[in-house]
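# Summary of structural features
Here is what each chain is made of, one letter per residue.
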Amino acid sequence: QDDNSCTLSLSSPSLSSATLSQSKKSTMTRKLLIITGMAAASMLAVTAFQQTPYKLKTPPAAQYSSSRLSIGKVFGDNTTKEQQLPKDVKDAISKCRGAVQKALENRLSRMDVEMPVGANFGVEKKKSSGGRKSSLASLTDGDSSSEEGLTMEKLDTSNRELARLFVEMFQPLGGQHISAVFNDESLADEARALWKGDLSVECNIVAIDRKGKRSRGGLMGGKKKKKKKKAVGFASKMAEELEDDGASGPFVLPKDTEVALFVAPGPKELIAIERICNEVGMGTCVILLNARLSRVEKYASNDARKLFEDFEPVWFLGAASQEDAPGCLMHRAYPGKWLLARKPKVGAPKTIAIQDDIFTGEDCAEAYASMEVSDLEKTSEKLAMNVAEWFK
């Protein structure tokens, strides 16, 4: 009661019960009862709320799908449906890994992956002093920012680095189930020497051509006398060279191979890959790295053409037709659409067209012509310089 009196007397501390009239006492009594009842009701309400087992609903944790390979989810929480171009090499590798993971979840076992020509992934340490700065630039025209421009050594290094990244992706399978297949023994030997002792890239390193010659025209050995041969067709000639491998017989994948990574195969190697695909069936995952299938004009047969057309372009990042769309790149990350984009002199890269299928030369020309005049650069730039600046 004393507490209540103190609470209620805050507005009039000088009043006393002896001096109040009877009417005032009656009024005060009514006020006291009303306020006391309100206070009691409030106390009951608070007590009831504290005793009620009520909890705020929290959003459930995001549920991410997982696969046997556990390569990882790298597209974030998919808060945006707009497909974005990779910002740099690290972003490109992450998004490429995510595209491959999605393809595996959808049970695709025939994949095609293409990165820019001569891309520097920064995986291998440079022999000379100083670190190698990674770059997705295609040095097709001898970029001034490059010391030597594009060389065969840089091409081989770029392809080997990409192969290494994919071997690392599939390590959960175990090295005995992964095969990195190079075009010839010289390329395979380089990979063996550089990857030796590294547990993160355990795999079978093999070559389609085991004679030690480079498939691009020969690197090892002296000149041999040419023997006169009967005129044969392109397919027969290529198949003869591949199948006639001495006592060792035609190329076969190592036993227990579950993932075969074919590194930068050309038209000649595609003949062997066609045979391998038919032999191992869809149970073995076959991934082509930098095969440049979009540039292959002639296949050994119609069956071969159909086979490689069925390879899913899981990841593509490369130059569009420069005659039809100068300074533009094409990009696709499975299961998204194809993008045609251009980097203006000022500002971020701009996507100028999106479609379901790969852009043909006509598609590129039409998209490029439909760009707003303000978006067109007044002075033409070399593709290499444009692409190099894109990923800085």
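Analysis parameters
- Residues numbered from 1 in each chain as written.
- Predicted model: local features only at pLDDT ≥ 70, side-chain atom pairs only at ≥ 80, totals over all residues.
- Heavy atoms only, no water.
- Core = buried A, V, L, I, M, F, W, Y, C linked by side-chain atoms within 4.5 Å.
- Buried < 20%, exposed > 50% of the residue type's maximum accessible area, 1.4 Å probe, protein only.
- Helix = DSSP H or I, 4+ residues; strand = E, 2+ residues; numbered from the N terminus.
- Contact = heavy atoms within 4.5 Å.
- Phe/Tyr/Trp six-rings, centres within 6.5 Å; stacked < 30°, edge-to-face > 60°.
- Arc of directions from axis to C-beta.
- Axes fitted to C-alpha atoms, helices over the stretch in contact; angles between N-to-C directions.
- Parallel < 35°, antiparallel > 145°, perpendicular 65-115°, else oblique.
- Left-handed = near helix turned anticlockwise from the far one by under 90°.
- Nonpolar A, V, L, I, M, F, W, Y, C, P; charged D, E, K, R; others polar.
- Expected span 1.5 Å × (residues − 1).
- Salt bridge = Lys/Arg side-chain N within 4 Å of Asp/Glu carboxyl O.
- Pairing = 2+ DSSP bridges.

## Here's the deal with the nonpolar core
With 46 residues, the main nonpolar core has Phe166, Phe170, Phe182, Trp195 and Ile287 as its most contacted residues. No other element matches the eight residues that helix 3 (residues 89-105) contributes to this core. The residues touching phenylalanine 166, leaving out its near neighbours within four places in the chain, are Cys96, Val100, Val113, Leu261, Ile287 and Leu289. Grouped together as the second largest cluster of nonpolar side chains are 22 residues, Ala272, Val286, Leu288 and Ala291 included.

## Looking at the packing of aromatic side chains
In total, this model carries four aromatic pairs according to the counting rule given. The interplanar angle of 55° and the centroid separation of 5.2 Å between the aromatic rings of phenylalanine 316 and tryptophan 338 together place this pair among those described as tilted. In this pair, phenylalanine 316 sits in strand 6 (residues 312-319) while tryptophan 338 sits in strand 8 (residues 338-342), placing the two residues 22 residues apart along the sequence. Since its relative accessible area comes to 5%, tryptophan 338 is described here as buried. Through successive ring pairs, a cluster of aromatic residues spans Tyr299, Phe308 and Phe311.

## Structural notes on helix 8 (residues 302-309)
Among the residues of helix 8, Ala304, Leu307 and Phe308 are the ones counted as buried. Around the axis of helix 8, the buried residues are gathered within 85° of arc, so they sit on the same side. For helix 8, exposure combined with an orientation more than 90 degrees from the buried face picks out Asn302, Lys306 and Glu309. Next to the buried residues of helix 8 lie helix 7 (267-280) and strand 5 (285-289).

## Side note on the packing of helix 4 (residues 152-169) against helix 5 (residues 185-195)
Contact geometry of helix 4 with helix 5 gives a least axis separation of 11 Å together with a crossing angle of 55°. On the basis of their axis angle, the class for helix 4 and helix 5 is oblique. Where helix 4 crosses over helix 5, the handedness of that crossing is right-handed. Contacts from Asp156, Arg160, Ala163, Arg164 and Val167 in helix 4 reach Leu187, Glu190, Ala191, Leu194 and Trp195 in helix 5. Here the contact of helix 4 with helix 5 is built from residues that sort into six nonpolar, no polar and four charged.

## Quick notes on helix 4
Spanning 18 residues, helix 4 covers 26 Å between terminal C-alpha atoms, matching the ideal 26 Å at 1.5 Å per step. Of all 18 residues that make up helix 4, 13 are buried, and the element is covered over most of its length.

## So, the pattern of salt bridges
What the rule picks out here adds up to 12 salt bridges. Two residues, glutamate 185 and arginine 192, come together in a salt bridge whose shortest N-O distance is 3.1 Å. Overall, the relative accessible area of 18% leaves glutamate 185 in the buried class. For arginine 192, a relative accessible area of 30% translates into the label partly exposed. Each of Glu124, Arg160 and Glu190 takes part in one network of salt bridges that share partners.

## Section: the pairing of strand 8
Across the five residues that make up strand 8, a large majority, five, are buried. The two faces of strand 8 match: Trp338, Leu340 and Arg342 on one face and Leu339 and Ala341 on the other face are all buried. The hairpin turn running from strand 7 (residues 328-333) into strand 8, its antiparallel successor, is four residues long. Alignment of strand 8 against strand 9 (residues 350-355), held across five bridges, turns out to be antiparallel. Among the inter-strand pairings, alanine 341 is bridged to a residue of strand 9, identified as threonine 351.

## Re unusual backbone geometry
For the bond running from tyrosine 334 to proline 335, omega is 5°, close enough to zero to count as cis. Along the polypeptide, proline 335 turns up in the loop between strand 7 and strand 8. Phi angles above zero are rare outside glycine, and arginine 107 is one such case at about 65°. With respect to the helices and strands, arginine 107 occurs in the loop between helix 3 and strand 1 (110-114). In the Ramachandran plot, asparagine 290 falls in the positive-phi region, its phi being about 55° despite a non-glycine side chain.

## Details of the sheet that holds strand 8
Across the sheet, nine strands lie side by side as 3-2-4-5-1-6-7-8-9; this open sheet has mixed pairing. One side of each edge strand has no neighbouring strand; the edge strands of this open sheet are strand 3 (204-209) and strand 9. Between one strand axis and the next, the sheet turns through 20° on average, direction left out of account. With five bridges connecting them, strand 7 and strand 8 associate as antiparallel partners.

Honestly, that's just the spatial picture; any functional story needs more than this.
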